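This is what each chain is made of:
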Amino acid sequence: MSDITLGIIGGGQLGSMMAIAAKKLNITTIIFCDDVDAPAQNFCNNFICGNYDDKEKIAEFVKLVDIVTFEFENIPYETLNEINKLKPVLPKPAVNRLIQHRLAEKDFINKLNIRTTRYVSIEKKSDLDSLEDFLPGILKTTTLGYDGKGQHPIHSIDELNSLNIDFSKGYILEKLVKLKKEISIIITRFENQKYEIYEPIENTHQDQILRNSKIPADIDNKIFEQSKDWAMTISEELKYVGTLCVEFFIDRNDNLYVNEIAPRVHNSGHLTINAYNISQFENHVRAVCGLEQIPLKKISNAKMINLIGDEISKYRKISKLNDNEFFFDYLKKEIKDKRKMGHLTTLI
Ligand code: ADP
Ligand code: MG
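In this text the structure is predicted, and so the values were computed from the model without any measurement. (Residues numbered from 1 in each chain as written. Chains lettered and ligands numbered in written order. Predicted model: local features only at pLDDT ≥ 70, side-chain atom pairs only at ≥ 80, totals over all residues. Heavy atoms only, no water.)

## Examining the packing of helix α1 (residues 13–24) against helix α9 (residues 280–288)
Here's step 1: Two elements in contact, α1 and α9, have axes separated by 8 Å at closest approach and are oriented at 65 degrees. Between α1 and α9, the angle falls in the class roughly perpendicular. Remark: the crossing between α1 and α9 carries right-handed chirality. Counting all contacts with α1, which are made through Leu-14, Met-17, Met-18, Ala-21, Ala-22 and Lys-24, the residues of α9 involved are Phe-281, Glu-282, His-284 and Val-285.
Here's step 2: Here the residues of the contact of α1 with α9 sort into seven nonpolar, one polar and two charged. (Axes fitted to C-alpha atoms, helices over the stretch in contact; angles between N-to-C directions. Helix = DSSP H or I, 4+ residues; strand = E, 2+ residues; numbered from the N terminus. Parallel < 35°, antiparallel > 145°, perpendicular 65-115°, else oblique. Left-handed = near helix turned anticlockwise from the far one by under 90°. Contact = heavy atoms within 4.5 Å. Nonpolar A, V, L, I, M, F, W, Y, C, P; charged D, E, K, R; others polar.)

## Observations regarding the sheet that holds strand β1 (residues 5–9)
Here's step 1: Taken in spatial order, the four strands make up an open sheet running β3-β2-β1-β4, and their pairing is parallel. The sheet is open, and its two edges are formed by β3 (46–49) and β4 (67–70), each paired on a single side. Taken over all neighbouring pairs, the strand axes of this sheet differ in orientation by 25 degrees on average, direction set aside.
Here's step 2: Pairing of β1 with strand β2 (residues 28–33), which is carried by five bridges, proceeds in the parallel orientation. Residue pairing across strands places Ile-8 opposite Ile-31, the latter belonging to β2. (Pairing = 2+ DSSP bridges.)

## Examining the coordination of the magnesium ion (ligand 2)
Here's step 1: Bound to the magnesium ion (ligand 2) on the protein side are Glu-247 (OE) and Glu-260 (OE), at distances that span 2.0 to 2.3 Å. Note that Glu-247 is positioned in strand β13 (residues 242–251) and Glu-260 in strand β14 (residues 256–262), a separation of 13 residues in sequence.
Here's step 2: Overall, Glu-247 belongs to the buried group, its relative accessible area being 13%. (Donors = N, O, S within 2.8 Å, 3.2 Å for Na, K, Ca; no water. Buried < 20%, exposed > 50% of the residue type's maximum accessible area, 1.4 Å probe, protein only.)

## Considering helix α2 (residues 55–64)
Here's step 1: For α2, the complete set of buried residues consists of Ile-58, Phe-61 and Val-62. The arc that holds the buried residues of α2, viewed along the axis, is 100 degrees, so those residues lie on one side. Structural note: α2 exposes Glu-56 and Lys-63 on the side pointing more than 90 degrees away from its buried face.
Here's step 2: Those residues of α2 that are buried lie in contact with β1, β2, β3, β4 and α3 (77–84). (Arc of directions from axis to C-beta.)

## Focus: the state of the cysteines
Here's step 1: Inspection of every chain in the model, using the stated rule, returns zero disulfides.
Here's step 2: Here Cys-44 is not disulfide-linked; the sulfur of Cys-33 is the nearest cysteine sulfur, at 9.9 Å.
Here's step 3: Cysteine Cys-289 is unpaired, with the sulfur of Cys-44 as its nearest cysteine sulfur at 15 Å. (Disulfide = S-S within 2.5 Å.)

## A word on the pairing of strand β11 (residues 201–206)
A regular strand places its side chains so that they alternate between the two faces of the sheet.
Here's step 1: Two elements, strand β9 (residues 179–191) and β11, share three bridges in a ladder whose sense is antiparallel. Counted as the bridge partner of Glu-182 is Asn-203 from β11.
Here's step 2: Summarising the sheet, β11 and strand β12 (residues 209–215) pair through five bridges and their orientation is antiparallel. Bridging from a neighbouring strand, Glu-202 pairs with Lys-214 of β12.

## Things to note about the sheet that holds strand β6 (residues 137–141)
Here's step 1: Reading across the sheet, the four strands line up as β5-β8-β6-β7 and stay open at both edges, with antiparallel pairing between neighbours. Two strands lie at the open edges of the sheet, namely β5 (119–122) and β7 (151–154), each paired on one side alone. Adjacent strand axes in the sheet meet at a mean angle of 25 degrees when their direction is disregarded.
Here's step 2: Of the strand pairs in this sheet, β5 and strand β8 (residues 171–175) are connected by four bridges, and their pairing is antiparallel. Across the sheet, residue Tyr-119 finds its bridge partner in β8, namely Glu-174.
Here's step 3: Helix α5 (residues 102–111) rests against β5, β6, β7 and β8 of the sheet, and its axis sits at about 145 degrees to β5.

## As for the domain arrangement of the chain
Often, the extent of an interface is quoted as the loss of accessible area upon association of its parts.
Here's step 1: Looking at the chain, the domain boundaries give domain 1 (5–89), domain 2 (118–175) and domain 3 (179–347).
Here's step 2: For domain 1 and domain 3, the distance between their C-alpha centres works out to 22 Å.
Here's step 3: Counting from both sides, the interface comprises 20 residues of domain 1 and, opposite them, 22 residues of domain 3.
Here's step 4: Taken over both partners, the interface formed by domain 1 and domain 3 buries close to 1,900 Å², and the fraction arising from carbon and sulfur atoms is 71%.
Here's step 5: The largest contributions to the domain 1 side of the interface with domain 3 come from Gln-13, Met-17 and Leu-25, which together make up 29% of the buried area.
Here's step 6: Viewed at the interface, domain 3 and domain 1 are joined by three salt bridges.
Here's step 7: Secondary structure elements with two or more residues in the side of domain 1 that touches domain 3: α1 and β4.
Here's step 8: A total of seven residues in the side of domain 1 that touches domain 3 trace back to one element, the largest contributor, which is α1. (Domains from an automatic or database assignment. Buried area = accessible area lost by both parts, 1.4 Å probe. Salt bridge = Lys/Arg side-chain N within 4 Å of Asp/Glu carboxyl O.)

Next comes the structure, spelled out in structure tokens:
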């Protein structure tokens, strides 16, 4: 074992894969999660269950670790900030606070002269007047959304008015982009101007949940370069340490937009486990633990499919896959509809 103990907040599939990557580097992992059934407890060295605002449990966790990172962005800022006074939290809590708020996130991106969808903040009833310019659009809660949760497609002002919006929460209304394609860039920033960056990944969604990812993305050279460039600008501006994902839209006129930033490893990067010498998870652990940066080498083109709900059952029964196929079972206790249960990567 190395002398580093890495604390990971969140015990889902991303936490599991970080723990697996850490193990390969001889780093001990302790996972903190509010779910007693968290699948990542199958892969880490030690598991603590507690709420994300339980000060005593958090203190117990912090005592045991050297560095803290996280697998999802919706952790209370207060919690990360308090931990950071005792042990380094990477990426920094301030990054998380910015990105977990859709409005602050989009304002930040636009200030860098990077294009996003058009958007408007909605905080009170009178904000619903004269929004025609933003329709058709999607109404999103400013915080706590994922996999399309907290989102409503809106076609008309009447539809918006009939929604009975709960104004105790903040929202943004985003103009719908006529999508040609969605891509993502996974980038790991080590320190000033030092990155490892994966090639653009092409993604398709079903019901706003990621379904397929593949490399190479079918895009022109300009979009290839611009997406990488924007991801570098964003991670440099954030002084980010670790792996980050930028999700992009491409419209029918080949304009590129940043959709959102995920300050963490990302589902679309699962194929990096098999398609590159170093996965997004290993690079994240290397960066936050201050280990050596190793140049990325692509091994193969690849495609990944998320196994959602009951689709996992079939794969659990297959005893032998083809040599170019890699099946991951997240070992979630219960099979639920619209829930990511595992994935299959195929090298192509
Ligand atoms: P989440 O935080 O749930 O991932 P996103 O904002 O990334 O939310 O939205 C999920 C998916 O919904 C996107 O990947 C895209 O397919 C679709 N979507 C969201 N916003 C827009 C938009 N403004 N125009 C077109 N499609 C959108
Ligand atoms: Mg998204």
